[in-house]
Amino acid sequence: MTKFLFFFLMIFGWFQLQAQAQLLTVAEKSSFTSTSKYADVMNFIEDLKKLSPNIKVENITTSTEGREVPLLILADPMPANPENLADEERIVVYIQANIHAGEVEGKEAVQMLARDILNGKYQGILKDVILLIVPNLNPDGNEKISTENRTNQNGPVNGVGLRYNGQMLDLNRDAMKLETPEIQAVVSQVFNRWDPAITVDCHTTNGSYHEEPVTYTWMMNPNGNRSLINYMRDRMMPTVKTNLFADYQVENVFYGEFIDRLDIDKGWISYAAEPRYLVNYVGLRNRLAILNENYVYADFKTRVNGCYHLLLTIINYAAGNKKEIKLLLATADEKATSHFAKGIPLDSFTLEYEGRPTQQPITIKAFEADTIPGVKGYWRYKQSNRQRTVTVPYIADYFSTKNIALPYAYVIEYPIAEVEENLLRHGIKIERLKTTSNLKVQKFRIDELKGDERLNQGHYTNTIKGEYVIEKKEFPAGAALIKINQPLGKLAAYLLEPQSDDGLLKWNYFDRYLVPQWGGGYYSYPVYRVMENLQR
């Protein structure tokens, strides 16, 4: 009986190893000529569940066209309650791929990485890390695979999907307005439930020419916690850069584009600092975030493998520095919740900002560009054969040029359901005035309000000018009160400040409350700033 059992276990183990060896992604099976469709990803996830007990799968939403968006949870042991991880020694890392479904190497890389972690290739990772993965965040865009999409991209030759989702919206412009089911789910089911310490968002570049197949950068909006930004700039990202090449021989450089493609010595810039971009949004939540942009002109296999090893390097860094990172984030949260602790504003809100060079310049193995005769606009450039390594300023540090003191709280004059719903979806706490209250407030008096001439994500986004004036105003019992001394206080301010470059006024949430039906002039902005502690 003992010999029979031993023989049976040997045969079972052999078959299990064969199954693991044969579990390949579409990219691997096709020699990197194709990328996976929705059904391929879903089938691969089912196969992953057979590999190990250390995976759990949740559907976080259903897309506009009716497709599930699965979240993979890799952990050993599996946590029982994601909302209560305060005493958890492991660090939570979240990776999302295919937010733009034409940019597909992240989707392939995370499937490969999940398989390799679950089959034991990287022993010990799950003892230090709870890993969350959404491999196909934009399933509707992914199903529109065509060789006509992203024709400038070097593979896969059998085509890729579309940038936008089933609503024809760009998911990576939706972090603040939350109009898509996919990003609503990322915020509610990932950020609010699991509170990942580190988020990685996988993309593919468009733009400047260079040799490095992998690029990446960090959250950089100046309303985020400066200590976290500096940690990414000075410690985590330089270490990841060094380790990615030392451990896996992957050439890499921080993400950006040349300020002038025809004069590459002018500098290298990471230009998008608004929190509509997921990575910058995460920074407003006092968490670490990384934008991965894989080089569009590298071949598909090189991009996938480069992305794979970047993600592995980030996970290894998180595992080895989890205590340091957790302490850093706890300190940032403590600063956020201590606002107005002494009865005065302890922080300010940046209204306008500018990009400046980081302390260290950046070295890029660049190719100079030429122009294509007769072609105008963004696509008028082509890569030359003139390779030149340059060391130039890296414009990736964003600092305030105009700011305003943060209030104790905001109070909303009217019960505006869509505004309150947005705030609650973000995880922002809303309190209520218990009685009719006569409060000394700052009112924003509008001098000018203009909608853009061109639609942006279905909106004629607003630009506003005006000034705050002090007045006494009566608010009814039950009026919404949003205090800033909460972990997401800066995010609340970004959404509610009228002059914010990515707030709810910008995205037309308040339009019908701003202009009278007849006559000229404007109503006052219906969100007021309370500058005194109401609990004193």
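A brief structural summary. (Residues numbered from 1 in each chain as written. Predicted model: local features only at pLDDT ≥ 70, side-chain atom pairs only at ≥ 80, totals over all residues. Heavy atoms only, no water.)

As for the pattern of salt bridges
This model, assessed by the stated rule, comprises 44 salt bridges. Note that K56 is salt-bridged to E58, the shortest N-O span being 3.7 Å. On the basis of relative accessibility, which here comes to 37%, the residue K56 falls in the partly exposed class. Shared partners join several salt bridges into a network, and the residues in it are E103, R150, R163, D170 and R173. (Salt bridge = Lys/Arg side-chain N within 4 Å of Asp/Glu carboxyl O. Buried < 20%, exposed > 50% of the residue type's maximum accessible area, 1.4 Å probe, protein only.)

Concerning the environment of T363
Tracing the sequence through the fold places T363 in strand β12 (residues 362-371). Owing to a relative accessible area of 41%, T363 belongs among the partly exposed residues under this scheme. Along the primary structure T363 and T391 are separated by 28 residues, whereas in three dimensions their C-alpha atoms are 4.2 Å apart. Excluding residues that lie within four positions of it along the chain, T363 makes contacts with E212, V253, T389, V390 and T391. At 2.8 Å, the side chain of T363 and the side chain of T391 are in polar contact. (Helix = DSSP H or I, 4+ residues; strand = E, 2+ residues; numbered from the N terminus. Contact = heavy atoms within 4.5 Å. Polar contact = N/O pair within 3.5 Å; in protein donor to acceptor, adjacent residues only side chain to side chain.)

Regarding the sheet that holds strand β9 (residues 268-269)
Spatially, the 4 strands line up as an open sheet ordered β8-β9-β14-β11, and their pairing is mixed. The sheet terminates laterally at β8 (257-258) and β11 (348-357), the two strands that pair on one side only. With 2 bridges connecting them, β9 and strand β14 (residues 394-405) associate as parallel partners. Residue pairing for β14: W268 is matched across the bridge by Y394. (Pairing = 2+ DSSP bridges.)

Concerning helix α11 (residues 322-337)
Between its terminal C-alpha atoms α11 stretches 23 Å, which fits the 22 Å expected from 16 residues at 1.5 Å a residue. Buried within α11 we find K322, I325, L329, A332, D333 and A336. End-on, the buried residues of α11 take up no more than an arc of 100 degrees, which puts them together on one face. Of the exposed residues in α11, the ones pointing more than 90 degrees away from its buried face are K323, L327 and E334. Where the residues of α11 are buried, they touch β3 (91-96), α5 (125-128), β5 (198-204), α8 (226-248), β10 (288-294) and α10 (300-320). (Expected span 1.5 Å × (residues − 1). Arc of directions from axis to C-beta.)

Brief notes about the packing of helix α12 (residues 417-426) against helix α13 (residues 489-496)
Remark: α12 packs on α13, axes separated minimally by 11 Å, with the N-to-C direction vectors making an angle of 155 degrees. What the angle tells us is that α12 and α13 run roughly antiparallel. The handedness of the crossing between α12 and α13 is right-handed. Across the interface between the two elements, V419, N422, L423 and H426 from α12 touch L491, L495 and L496 from α13. Here the contact of α12 with α13 is built from residues that sort into 5 nonpolar, 2 polar and no charged. (Axes fitted to C-alpha atoms, helices over the stretch in contact; angles between N-to-C directions. Parallel < 35°, antiparallel > 145°, perpendicular 65-115°, else oblique. Left-handed = near helix turned anticlockwise from the far one by under 90°. Nonpolar A, V, L, I, M, F, W, Y, C, P; charged D, E, K, R; others polar.)

Describing the sheet that holds strand β16 (residues 431-432)
Across the sheet, which stays open at both edges, the 6 strands sit in the order β16-β19-β15-β20-β17-β18 with antiparallel pairing between neighbours. Each edge of the sheet is formed by a strand with only one pairing partner; in this case those strands are β16 and β18 (462-475). Summarising the sheet, strand β17 (residues 437-451) and β18 pair through 14 bridges and their orientation is antiparallel. Along β18, the bridge assignment pairs K450 with T463.

Some thoughts on the layout of surface pockets
The volume enclosed by the largest pocket comes to roughly 640 Å³. Contributing to the lining of the largest pocket are 27 residues, with W194, D195, P196, R287 and D333 lying nearest its centre. Those elements giving two or more residues to the lining of the largest pocket turn out to be β3, α7 (181-194) and α11. As a volume, the second largest pocket reaches approximately 440 Å³. As for the second largest pocket, its lining consists of 25 residues, and the residues nearest its centre are R173, Y255, Y271, Y277 and E293. Every element with two or more residues in the lining of the second largest pocket is listed here: β5, β6 (214-218), α9 (278-284) and β10. Residue classes in the lining of the second largest pocket are distributed as 9 nonpolar, 9 polar and 7 charged. (1 Å grid on protein atoms, 1.4 Å probe; cavity = no way out; pocket = protein on both sides within 12 Å on 5 of 7 lines; lining within 4 Å. Points joined across faces, edges and corners; volume = space filled by probe spheres on them.)

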